[in-house]
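# Structural characterization, general
In case you want the letters, here they are:
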Amino acid sequence: MQFPRLRSLPVWQQDALIALTTWAVGFGVYAAGIHRLLAGYDHAPLWVRLLELTALCGLELLRRWVPGALLLATAVVAADIWLGPSLPVLIIYTDFLYAATLYGSRRTSRVMIGVAALSVVGVLAAVLLLAQQWRVAVLAAVSVLPFVVTPVWWAANVRQQRDIAETERANAAQLAKIAELDRRAAVAAERGRMARDLHDVIAGHLSAIAIQSEAALSLPDPQLARTVLESVRENSVSALEEMRAMIGLLKAESGHASSTVPARLAELAKLVESARASGLDVTVGSTVDAAVALPAAVDLTAYRITQEALTNAVKHAPGGKSTSTSATSTVSSRSKSATTSTTRKTATAPEPAC
């Protein structure tokens, strides 16, 4: 059977267990008759000693009440010293010194350290005045050391380590909070960029739809009007696909990309046909190597630049002439069998119709 650790118990159960254990040990010491610190006969009856022990162990339940518990325990120890100092009472009193230093305020802890230092000097001075030999005084001062200085020093070290651990935890929590804020800011910035991109894409498609619809209404040829309407439908479907892809990315919390493939430079022919259906004379010159896969960001950026250029040409110079050029330069490394691609996209300003 595995017993729970003392730290895992509630506070009142920890104090109760300490009180019961110390009482049982103290009772054994008193019953064995080895409790006297000074030579000679103990004139106090056993029941008085047990009454002192019970009172002191009862105060153990209030050991975290600083400095009240320490003051009451000091009164019990003073009575014990008046009757004749006994070992169990002094040992239990060290726990009160430990608790006062550990659980008290910072000011109380500093006071306890000073009191512990002065107590040794005070006992040494008192014994020097009362004792006939200096060796007895030194022995008395050394005997006080384990009962006063040791628990205070130990509690001060434990408190220092606890404060350091709390500071480290606070710093870690602060760093985690800052990292979370940075992550949210990055996500918000990325979503803002995607929203602007979505606005540009949809605005381009809708502008083309509006211009093509207006042209279709004024065309006398039904076949040409049908071609224009097909381009309108294609622009509408493309706009919906782009919107669905962007909205899916904006809603995604886990970072998974949308299943809709973004527009690429390979789909430039559809964009050109849509512009031509709007009445724009478009000339395309492309040296893009189909066997070389462009980086996704470069591919999408080149497509967006072309789309924006053609949209502006259709909007501001309908019936004009536009020239679009796409080029790639490739450098191959024979030793590593890898290909590095860079893309440059330029578009000339549209020429007004004569």
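Residues numbered from 1 in each chain as written. Predicted model: local features only at pLDDT ≥ 70, side-chain atom pairs only at ≥ 80, totals over all residues. Heavy atoms only, no water.

### Some words on helix α1 (residues 11–32)
Counted only if it meets this: Secondary structure is summarised from DSSP: a helix means a run of H or I of at least four residues, a strand means a run of E of at least two, and numbering begins at the N terminus for each. To estimate the expected span of a helix, subtract one from its residue number and multiply by 1.5 Å. Relative accessibility thresholds used throughout: buried, under 20% of the residue-type maximum; exposed, over 50%; partly exposed, between the two (1.4 Å probe, protein chains only). Here, the arc refers to the directions that run from the helix axis to the C-beta atoms. Here, residues are in contact when the closest pair of their heavy atoms is within 4.5 Å.
Along its 22 residues, α1 runs 32 Å from first to last C-alpha, staying within 8% of the 32 Å computed at 1.5 Å per residue. Considered for burial, the residues of α1 that qualify are Gln14, Asp15, Ala19, Gly26, Val29 and Tyr30. Angular distribution of buried residues about the axis of α1 spans 130°; they occupy a single face of the element. Along α1, the residues that are exposed and aim more than 90 degrees away from the buried face are Leu20, Val25, Ala31 and Ala32. Close packing links the buried residues of α1 with α2 (46–59), α3 (68–83) and α4 (87–103). Positive phi shows up at Gly33, right after α1, with a value of about 75°.

### A short note on α4
Owing to its 3.6 residues per turn, the α-helix aligns residues three or four sequence positions apart on the same side. Spanning 17 residues, α4 covers 25 Å between terminal C-alpha atoms, matching the ideal 24 Å at 1.5 Å per step. Buried residues dominate α4, accounting for 14 of its 17 residues.

### Looking at the packing of α3 against α4
Selection rule: Every angle, taken between N-to-C directions, lies between 0 and 180 degrees, and every axis is a line fitted to C-alpha atoms, over only the stretch in contact when it is a helix. Oblique is the label for any angle not under 35 degrees, not over 145, and not in the 65 to 115 range, which are roughly parallel, roughly antiparallel and roughly perpendicular in turn. Handedness of a crossing follows from how the near helix is turned relative to the far one, being left-handed for an anticlockwise turn of less than a right angle and right-handed for a clockwise one. When residue character is reported, Ala, Val, Leu, Ile, Met, Phe, Trp, Tyr, Cys and Pro are called nonpolar, Asp, Glu, Lys and Arg charged, and the others, Gly included, polar.
Where α3 meets α4, the axes come as close as 10 Å, and the angle between the chain directions of the two elements is 160°. Considered as vectors, α3 and α4 are oriented roughly antiparallel to each other. Pair α3 / α4 crosses with left-handed handedness. Note on element contacts: α4 touches α3 through Val89, Leu90, Tyr93, Phe96, Leu97 and Ala100, opposite Ala69, Leu70, Ala73, Thr74, Val77 and Asp80. Taken together, the residues that form the contact of α3 with α4 break down as 10 nonpolar, 1 polar and 1 charged.

### Digging into the environment of Tyr98
Note on placement: Tyr98 falls in helix α4. Here the alpha-carbon distance between Tyr98 and Arg64, two residues 34 residues apart in the chain, equals 9.9 Å. Among residues more than four places away in sequence, those in contact with Tyr98 are Arg63, Pro151, Trp154, Ala155 and Val158.

### Structural notes on unusual backbone geometry
Of all residues except glycine, most have a negative phi; of all peptide bonds, most are trans. In the segment running from Val66 into Pro67, the intervening peptide bond is cis, with an omega of 5°. Along the polypeptide, Pro67 turns up in the loop between α2 and α3.

### Examining the packing of aromatic side chains
As a reminder of what qualifies: Whether two aromatic rings pair depends on their centres lying within 6.5 Å, for rings of Phe, Tyr and Trp, where Trp uses its six-membered ring; planes under 30 degrees apart make the pair stacked, over 60 edge-to-face, and the rest tilted. Lysine NZ or arginine CZ positioned within 6 Å of the ring centre and within 35 degrees of the ring normal marks a charge as sitting over the ring.
Summed over the entire model, instances satisfying the criterion amount to 2 aromatic pairs. Here the aromatic rings of Trp23 and Phe27 are separated by 5.4 Å at their centres, their planes lie at 10°, and the arrangement is stacked. Of this pair, Trp23 and Phe27 both sit in helix α1, 4 residues apart, roughly one helical turn. Against the face of Tyr103 rests Arg64, its NZ or CZ located 4.4 Å from the ring centre.

### A look at the side chain of Glu52
You can see Glu52 is positioned in helix α2. A residue is classified by how much of its surface remains accessible, and Glu52, at 8% relative accessible area, is buried. Setting aside chain neighbours within four positions, we find Glu52 in contact with Tyr30, Val76, Ala79, Asp80, Leu83 and Val89.

### Focus on the confidence of the model for the protein
The cut-off we apply is this: How sure the predictor is of each residue is captured by pLDDT, a score from 0 to 100.
For the protein, per-residue confidence averages 74 on the pLDDT scale, and 72% of positions sit at 70 or higher. Considering only residues more than four positions removed or in separate chains, one finds that residues 326–354, a stretch of pLDDT under 50, has 56 contacts.

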